[in-house]
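Descriptive structure summary
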Amino acid sequence: MSEKVLMKGNDVIAEACIRAGCLHYFGYPITPQTEISHYLAKRLPELGGTFLQAESEIAAINMVYGASAVGARVMTSSSSPGISLKQEGFSYIAGAELPAVVIDVVRCGPGLGGILPGQCDYFQVTKGGGHGDYRNIVLAPNSVQELYELTVESFNLADKYRMLCMVMADGSMGQMMEAVQFKDKEDITVYDKPWATNGMGNRGHSNFITSVNVNPDELEKTNLRLQAKYRLVEKNEIRYEEINCENADIIVVSYGTTSRIIKNVIKKAKKIGINVGLFRPITLWPYPYEALAKHTDKVKAFLSVELSAGQMIEDVRLAVNGKSNCYFYGRMGGHIPAQQELLDEIIRILKKEDK
Amino acid sequence: MQYEIIIAGFGGQGVLSAGRLLVYAGMLEGKHVSWLPSYGPEMRGGTANCHVIISDEEVGSPILNFADIAICMNLPSFDKFETFVRDDGFILCDTSMVSSEKISETKRKVYGIDATTKAIELGNKAFANIFIIGKLLQITKILRPESIEKALYDVLPEKKHYLIPIEMEALKMGLSN
């Protein structure tokens, strides 16, 4: 391991992209993630790669499609309104079974909204804003160190399953600086890409990449293959973290920045005799339903804390399946809940449950 | 021990770099640190700021709702962040920029140093943030001056390293003020 360095989240994402062997980036600037472009605009040409500021987000995601089709590791990044624009491209990438990495440094919406942090893209990244039956792997880091590790990992996952892998951070994670320790050597898996349209060579046949297929039998077969792949991802790739969940009175489910606030709340609550647990999904899709469901018999209630009007709460409810009460607490517009605010909410819920 | 600090002032006063310097030095001393700049509308109106945490334990939320210390480099920041400080915390302000009448009105504990005036005497008002850091180190012993010096070498680009001896002089003046 190298020495710790102090870096901004967005710069770390860009550095992780290079360390993962991705030398091709197409993007369009938007606050609060533009530093990713700054960093890569300088570094990628030095490394013989491609940095291209496209004319729009839609152009950028289709350039990603093209680069991926010829077998390159490729990334784009944006923030909420820009991610909305890219959704059509996500669906095409899914249909064509291409690996790609997309970073979403979320700001608050709807519409152009504001530039302050939010988690209100949960629906659009996990449930898909694009059309058709497709899924994206979605990773949700909660520290600058994890931004680095999970961004590198996202390239491996994308290549392994030939699908889109997203990293969802919020504006404050992109903007904050923390110590990060880079590995001397990255854990990169190189996958053969015999499907890539990179010249026939000695292959004997030409490759063809498309998402269109007007034959209903064949298109259904494609869909079934995609679904089988998604089931495999659900089996292999679920990640989460549990803190203080054993013997907890209430489990707070939270990811990203808000999960860090909960870590403080756990300590505060302990002082007044309340046991708060934190369940932090690291993969937002596939969602850790079963792991969360294991706690239903032991706790009084679940509380989903988000920087949204309540989006992940729907997955919490699916996991809990009516066996416990699920509550929600969220802030919007760029506000971040204070520790005391959350502790007050927990006390209120436990009083209600004890009645 | 955990210090939660907000540093605020006009853009160009070096409030963001003062924060970076503190967290970098903290990291060099093996502490857990985080730095979060304001990047929204609060950048306007003279209250550009950063949230700084220097801790012996893992840092939870990098976003502060209250601070132990508010470093106010100008009047708008003093007005805005006076109530951001916990009752047992304190305000450290640049008395070249915040009047003594204003300071006497607050119930919070206030430390002052005429950082901008002193910095101009030293040849460049951009040194004001280093005077402030010196004063902060004097009050709290939060970090060692040597760590700040090492951080300066790491944080500043090489072409600016010739300034570091003057910055260290400013730091020492702040420390002994």
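Residues numbered from 1 in each chain as written. Chains lettered and ligands numbered in written order. Predicted model: local features only at pLDDT ≥ 70, side-chain atom pairs only at ≥ 80, totals over all residues. Heavy atoms only, no water.

Considerations on the environment of I54 of chain B
Residue and element names in this part refer to chain B. Using the following cut-off: Elements are defined by DSSP. Helices are runs of H or I of four residues or more, strands are runs of E of two residues or more, and each kind is numbered from the N terminus. What makes two residues a contact is simply this: any of their non-hydrogen atoms within 4.5 Å.
Turning to its location among the elements, I54 is positioned in strand 3 (residues 48-55). With 87 residues separating them in the primary sequence, I54 and K141 have C-alpha atoms 12 Å apart. Once residues within four sequence positions are removed from consideration, I54 is found in contact with M1, Q2, Y3, L22, K31, H32, V33, I142 and L143.

Comments concerning the side chain of R73 of chain A
Residues and elements named next belong to chain A. Applicable threshold: For the purposes of these results, a polar contact is taken to be a pair of N or O atoms within 3.5 Å, where, inside protein, one atom must be able to donate a hydrogen and its partner to accept one; residues adjacent in sequence count only when each atom of the pair is a side-chain atom.
Tracing the backbone shows R73 in the loop between helix 3 (57-69) and strand 4 (74-78). Side-chain polar atoms of R73 contact the backbone oxygen of T189, separated by 3.2 Å. If we skip the residues at most four places from it in the chain, R73 touches A20, G21, C22, L23, H24, F155, N156, D159, I188, T189 and K193.

Observations regarding the packing of helix 3 of chain A against helix 4 (residues 80-95) of chain A
Residue and element names in this part refer to chain A. Rules: Axes, fitted as lines to C-alpha atoms, cover a helix only where it is in contact. Angles between the N-to-C directions of the axes lie from 0 to 180 degrees. Convention used here: angles under 35 degrees read as roughly parallel, angles over 145 as roughly antiparallel, angles from 65 to 115 as roughly perpendicular, and any remaining angle as oblique. Here a crossing is called left-handed whenever its near helix is offset anticlockwise from the far helix by less than a right angle, and right-handed whenever the offset is clockwise.
The contact between helix 3 and helix 4 brings their axes to 8 Å, and the two run at 30 degrees. Between helix 3 and helix 4, the interaxial angle falls into the category roughly parallel. In this structure, the crossing between helix 3 and helix 4 has a hand that is right-handed. Contacts between helix 3 and helix 4 involve E57, I58, A60, I61, V64 and Y65 from the former and G82, L85, K86, E88, G89, F90, Y92 and I93 from the latter.

Topic: the pattern of salt bridges
How we decide: Salt bridges, as used here, are contacts in which a Lys or Arg side-chain nitrogen is within 4 Å of a carboxyl oxygen on Asp or Glu. Residue burial is assigned from relative accessible area. The probe radius is 1.4 Å, only protein chains are included, and a residue is buried under 20% of its type maximum, exposed over 50%, and partly exposed in between.
One pass over the full model with this rule turns up 29 salt bridges over all chains. Note that R19 of chain A and E15 of chain A form a salt bridge whose closest N and O atoms lie 2.9 Å from each other. With a gap of four residues between them, R19 of chain A and E15 of chain A both fall in helix 1 (residues 9-19), about one helical turn apart. Across the pair D154 of chain B and K150 of chain B runs a salt bridge, and its minimum N-O distance is 3.5 Å. Residue D154 of chain B and its partner K150 of chain B are both found in helix 6 (residues 145-155); the two are separated by four residues, about one turn of the helix. Look at K150 of chain B and you get partly exposed, because its relative accessible area is 45%. Ionic contacts of the salt-bridge type, sharing partners, join the residues E153, K160, E237 and R239 of chain A into one network.

Some details on the sheet that holds strand 10 (residues 240-243) of chain A
Residue and element names in this part refer to chain A. Which entries qualify depends on this criterion: If DSSP finds at least two bridges between two strands, the strands pair.
Pairing in this open sheet of five strands is mixed, and the strands run 10-12-11-14-15 from one edge to the other. Each end of this open sheet is capped by a strand with a single partner; those strands are strand 10 and strand 15 (325-330). The sheet shows a mean angle of 20 degrees between the axes of neighbouring strands, direction not considered. Note: strand 10 against strand 12 (residues 276-281), four bridges, orientation antiparallel. Across the sheet, Y240 pairs through a bridge with P281, a residue of strand 12.

Some remarks on the state of the cysteines
Basically, it comes down to this: Disulfides are defined as pairs of cysteine sulfur atoms found within 2.5 Å of each other.
All told, the structure shown has zero disulfides over all chains when counted by the stated rule. Here C108 of chain A is not cross-linked by a disulfide; its sulfur's nearest cysteine counterpart is in C120 of chain A, at 6.2 Å. C108 of chain A gets classed as buried once you look at its relative accessible area, which sits at 7%. Residue C93 of chain B stays outside any disulfide, its sulfur separated by 6.7 Å from that of C72 of chain B, the closest cysteine.

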